[in-house]
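Survey of secondary and tertiary structure
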Amino acid sequence: MSTVMPAHAFVDALATAPDGAALAAACSAFAAARRDGAPRPAGGAFRTAVAAALRTHLQALGDHPDYRAWLQVYFGERRASFRSPLQQPGWLYYPSLPPQAWFATDEVPGLVPLRARIAEVAAELRAWLGMPRAFAPYVEAAAACDARWSALAGDPRWSAIHLIRGGVRDETALAALPHTAALLAGAPLAQCPPHAPECFVSRLFPGVVLPPHHGVSNIKLTVHLPVELPGAGCSITVGGETRQWREDDFLIFDDAFLHSAENRTDQGPAAQPRTVLIFDVWHPRLHPAERQALAQAVQAIDAVMAVAGDWF
């Protein structure tokens with residue numbers, strides 16, 4: 001890539017990138033040019049040019065009408081309002097998907113054959129957790145400045161062990177959990193690295209109430225597999241409806257809806273956390289062509305924003 005006009009060369013390479021590998025190479029070259037002191041373009045022309053080039057690249061990723069409609073919304077060419085006041089994803093809103101907070105396992109075909117494996121996975125995880133494990137607070141200490149999360153920032157009473165994070169697998173942990181790994185291999189995991197899939201063991205201790213919050217997107221669903229349920233007093237509320245976990249089934253919801261959870265069980269010496277395995281899967285109403293296009297689009301947007309977003 002030219003070092004004379006790196007910004008212009010980056011835009012050209014972005015617009016003509018035939019695939020994700022070429023786009024990644026363009027982003028890498030632009031990042032190198034910036035490290036070498038490439039001048040920042042004046043005014044807003046660079047942002048406009050990058051948006052147009054990215055739009056051209058994303059358009060070529062798929063021709064499904066709902067994907068094309070989402071592109072229009074994403075690039076501000078068409079307005080889209082949330083179809084439910086309780087569903088407000090923080091980043092990516094796919095307007096063609098009907099607003100539905102809760103899903104039965106039968107509504108997610110890829111999970112139906114896995115329901116029979118819940119007991120063996122839960123038993124395997126309970127045995128694995130019987131040894132000391134390095135749980136980490138789910139809300140990092142840095143979130144103390146966020147009024148919504150300040151009370152839980154750095155608090156181990158809501159903690160997690162990640163088996164997959166941002167699409168990166170913990171192969172050591174998964175090798176020790178063959179039943180869990182097999183279940184995940186058969187699930188329709190939402191493949192949108194570096195954001196998804198995610199899979200982690202989540203513990204919520206007695207006395208903890210999670211504040212209502214929204215997830216980042218409605219293109220994927222959150223799945224809970226029960227591992228240890230301490231009894232009455234544990235519940236989760238999604239879209240204004242409260243439910244409890246069942247030992248023999250998945251609990252599935254769209255976390256783009258306002259949701260919260262609580263463990264109000266006994267806080268005495270024998271107190272037990274609520275423990276579930278959480279992972280995310282594709283929304284079942286997305287066509288395979290939409291899933292493929294969205295996965296590539298998310299990667300492209302993330303790559304471009306990582307190297308150029310601060311120049312917008």
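One structure accompanies this document, and this report is about it. Keep in mind that what you see is a predicted model, and the values were worked out from it rather than measured. (Residues numbered from 1 in each chain as written. Predicted model: local features only at pLDDT ≥ 70, side-chain atom pairs only at ≥ 80, totals over all residues. Heavy atoms only, no water.)

1. Here's the deal with the nonpolar core
Selection criterion: Nonpolar core, defined: a set of buried Ala, Val, Leu, Ile, Met, Phe, Trp, Tyr and Cys residues in which side-chain atoms within 4.5 Å join the residues together. Residue burial is assigned from relative accessible area. The probe radius is 1.4 Å, only protein chains are included, and a residue is buried under 20% of its type maximum, exposed over 50%, and partly exposed in between. Secondary structure counts use DSSP, requiring at least four H or I residues in a row for a helix and at least two E residues in a row for a strand, with both numbered from the N terminus. Whether two residues are in contact is decided by their heavy atoms: any pair within 4.5 Å suffices.
Phe10, Phe46, Tyr67, Trp70 and Tyr94 are the most contacted members of the largest nonpolar core, which totals 38 residues. Among the secondary structure elements, those contributing two or more residues to this core are helix H1 (6-16), helix H2 (20-35), helix H3 (45-59), helix H4 (65-74) and helix H8 (288-308). In terms of residue count, H8 provides more of this core than any other element does, ten residues in total. Excluding anything up to four places from it in sequence, Tyr94 contacts Asp66, Tyr67, Trp70, Asn218, Ile219, Leu286, Glu290 and Leu294.

2. Observations regarding the packing of aromatic side chains
Rules: The criterion for an aromatic pair is that two Phe, Tyr or Trp rings (for Trp, the six-membered ring) have centres within 6.5 Å, with stacked assigned to planes under 30 degrees apart, edge-to-face to planes over 60 apart and tilted to the rest. Distance and angle both matter: a charge sits over a ring if NZ of Lys or CZ of Arg is within 6 Å of the ring centre and within 35 degrees of the ring normal.
Per the stated rule, a full pass over the model turns up 14 aromatic pairs. Aromatic pair Phe82 and Tyr93: ring centres 4.8 Å apart, planes at 75°, arrangement edge-to-face. Residue Phe82 is located in the loop between H4 and strand S1 (102-103), and its partner Tyr93 is located in the loop between H4 and S1; the two are separated by eleven residues in the primary sequence. Residue classification places Phe82 among the partly exposed positions, given a relative accessible area of 36%. The structure contains a cluster of three or more aromatic residues connected by ring pairs, namely Tyr67, Trp70, Tyr74, Phe75 and Tyr94. In this arrangement the basic side chain of Arg203 is found over the ring face of Phe135, its NZ or CZ atom lying 3.7 Å from the centre.

3. Digging into the state of the cysteines
Short version of the rule: What counts as a disulfide here is a pair of cysteine sulfur atoms lying within 2.5 Å.
In total, this model carries zero disulfides according to the counting rule given. The cysteine Cys27 is free of any disulfide, with Cys192 supplying the nearest cysteine sulfur at 17 Å.

4. Description of the environment of Ala142
Position of Ala142 among the secondary structure elements: in the loop between strand S2 (136-137) and strand S3 (158-165). Spatially, the C-alpha atom of Ala142 lies 7.9 Å from that of Gly154, the residues being twelve residues apart in sequence.

5. A few points about the sheet that holds strand S11 (residues 259-263)
Each strand in a sheet pairs with its neighbour through backbone hydrogen bonds, running either in the same direction (parallel) or in the opposite one (antiparallel). Just so we agree on the cut-off: Strands are treated as partners if at least two bridges between them are detected by DSSP.
Reading across from one edge, S6-S11-S8-S9 is the order of the four strands in this open sheet, with antiparallel pairing throughout. In this open sheet, the two strands that pair with only one neighbour each are strand S6 (208-209) and strand S9 (241-243). Here three bridges tie strand S8 (residues 234-238) to S9, and the two strands are oriented antiparallel to one another. Directly across from Thr237, in S9, lies its bridge partner Thr242.

6. A closer look at the pattern of salt bridges
Short version of the rule: Basic side-chain nitrogens of Lys or Arg form a salt bridge, by our definition, when they fall within 4 Å of a carboxyl oxygen of Asp or Glu.
Here the structure, examined in full by the defined rule, presents ten salt bridges. Across the pair Asp249 and Arg115 runs a salt bridge whose closest N-O atoms are separated by 3.8 Å. Of this pair, Asp249 sits in the loop between S9 and strand S10 (251-253) while Arg115 sits in the loop between S1 and helix H5 (118-129), placing them 134 residues apart in sequence. Note that Asp248 and Arg246 form a salt bridge whose closest N and O atoms lie 3.1 Å from each other.

7. A word on H5
Since there are 3.6 residues in each turn of an α-helix, residues three or four apart along the chain are aligned in direction. Put simply, the test is: Take the number of residues in a helix, subtract one, and multiply by 1.5 Å to get its expected span. The arc refers to the directions leading from the helix axis to the C-beta atoms.
The first and last C-alpha atoms of H5 sit 16 Å apart over twelve residues, in line with the 16 Å expected at 1.5 Å per residue. Of the positions making up H5, those classed as buried are Ile118, Val121, Ala122, Glu124, Leu125, Trp128 and Leu129. Taken end-on, H5 shows its buried residues confined to a sector of 160°, consistent with a single buried face. Turned more than 90 degrees away from the buried face of H5, the exposed residues are Ala119 and Ala127.

8. Quick look at unusual backbone geometry
Each neighbour pair has its own omega, and for Pro193 with Pro194 the value is 10°, a cis peptide bond. A cis amide bond links Ala196 with the next residue in sequence, Pro197, at an omega value of 10°. Topologically, Pro197 is positioned in the loop between helix H7 (178-186) and strand S5 (199-204).

9. A look at the environment of Pro137
With respect to the helices and strands, Pro137 occurs in strand S2. Judged by its relative accessible area of 31%, Pro137 is partly exposed. Between the C-alpha atoms of Pro137 and Gly240, which are 103 residues apart in sequence, the distance is 26 Å.

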